[in-house]
Amino acid sequence: FSSGFRGEGGHIFHGIFEQIMVAGICLKLYYRLRIGFAEFGRIPVGKFSDKRFKIFKGSNNIIGRPRFHLTFGFPLNLIRIIQNLSTFSMKVNASMKIGSMEWKRLLCDGAAAMGVSVGSHEAGLISIYALELMAWNRKMNLTAISDPLEIAVKHFLDSMACIPFLPGIGKILDIGTGGGFPGIPVKILIPALHVTLVDSIRKKTTFLKHVIRTLKLDGVDVLHNRVESLSGREGMADGFDAILCRALFPLEELFEKSLPLLRKNGIIISWKAKPDPDELRDIQQKAAIRGFEIRLNPYTLPFLDLNRTLARCYRSNSDLQ
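Quantities reported herein were computed from a predicted structural model and do not represent experimental measurements.

Q: Which residues make up the pairing of strand β4 (residues 170-175), and what are the values?
A: With six bridges connecting them, β4 and strand β5 (residues 193-199) associate as parallel partners. Residue pairing in the sheet places Asp 174 in a bridge with Leu 197 of β5. As paired elements, β4 and strand β7 (residues 240-246) share three bridges and run parallel to each other. In the strand pairing of β7, Leu 173 is matched with Ile 243.

Quick look at the structure:
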């Protein structure tokens, strides 16, 4: 290619061609290795550009083999390309399977992006759990989600959002747990916690007991019950250090149902896609009368760029701020 250029500028084009070839090799290696993703900076999947060059994601969506199109300004700076590769988000293979090495790596990288550490042992347990969830889902309605990427992000990574706010030991209650979220992922990541999973649908509690046996998890109870009747059971009233609920009840209803079950310095955590300002204002006023505060912690789910919010409710004089 470069030998076809003659004259005064031939050596310039020769140098440019060499840099293009090396840049292409670097891009290919980056895609194949994906090393150190959890330590790299991140930008939304899409395009990166500056005054000297642009890197665009191809026509593929986030799922699928990425294709890069380069447009150059001169002079092309190879060092700038390599530096900015570290800020380009990881792509997800469309053929990725639940439990595969790629799926586990995605889980670990996504958790790291949220400030949560997931090791190979935990990723292995979560993979077994996800495979059992999908197998049982063919027989009963446990989840409407079946895509491997969405299973990892919307179920498991979303469940991990509460981890930074939980105690290292104590008793946790998961209300309306459904397929075991967030309670079982929390138990996997913080084994010292004693977790109680509550759901009013019998087939779901049957599945949960199966998963607990399969994963050999100790310190997990499954109750086929409604939260309203729990306070009358032995050991339930004032019995939990944290009460978790993923969007089952409005905040005010969750607060009223959970309060009799919460220990003195306990915390109530609710997942909300988009909190209603009027609902939040009302519950904050009612909670304040009883000596509680409610704080919102917004976060973004990796890979899918979905905005979520944790609503944390705790006593005003506690150390949970």
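Q: Describe the nonpolar core, listing the residues and the values that go with them.
A: Judged by nonpolar contacts, the single largest core of 60 residues is most densely connected at Trp 103, Ile 151, Phe 156, Leu 157, Met 160, Leu 166 and Ile 184. No other element matches the eight residues that helix α4 (residues 120-137) contributes to this core. Setting aside its immediate chain neighbours within four residues, Leu 166 contacts Ile 172, Val 186, Ile 190, Leu 193, Ala 242, Leu 244 and Ile 269. Ranked by size, the runner-up nonpolar core spans 25 residues in total, among them Val 198, Leu 223, Leu 262 and Phe 292.

Q: Please provide a residue-by-residue account of the sheet that holds β4, values included.
A: Strands sit in the order β6-β5-β4-β7-β8-β10-β9 across an open sheet of seven strands; the sheet is mixed. Both outer strands of the open sheet, β6 (220-224) and β9 (292-301), are each paired with one neighbouring strand and no more. The average undirected angle you get between the axes of adjacent strands in this sheet is 20°. Note that strand β8 (residues 262-272) and strand β10 (residues 306-315) share six bridges and pair antiparallel. Paired with Ile 269 across the strands is Arg 312, a residue of β10. Seen against the sheet, helix α8 (residues 251-258) touches β4, β7, β8, β9 and β10 and runs at an angle of roughly 155° to β8. Lying over the sheet, helix α9 (residues 277-289) contacts β8 and β9, oriented at roughly 145° with respect to β9.

About the cut-offs
- Residues numbered from 1 in each chain as written.
- Predicted model: local features only at pLDDT ≥ 70, side-chain atom pairs only at ≥ 80, totals over all residues.
- Heavy atoms only, no water.
- Pairing = 2+ DSSP bridges.
- Helix = DSSP H or I, 4+ residues; strand = E, 2+ residues; numbered from the N terminus.
- Core = buried A, V, L, I, M, F, W, Y, C linked by side-chain atoms within 4.5 Å.
- Buried < 20%, exposed > 50% of the residue type's maximum accessible area, 1.4 Å probe, protein only.
- Contact = heavy atoms within 4.5 Å.
- Axes fitted to C-alpha atoms, helices over the stretch in contact; angles between N-to-C directions.

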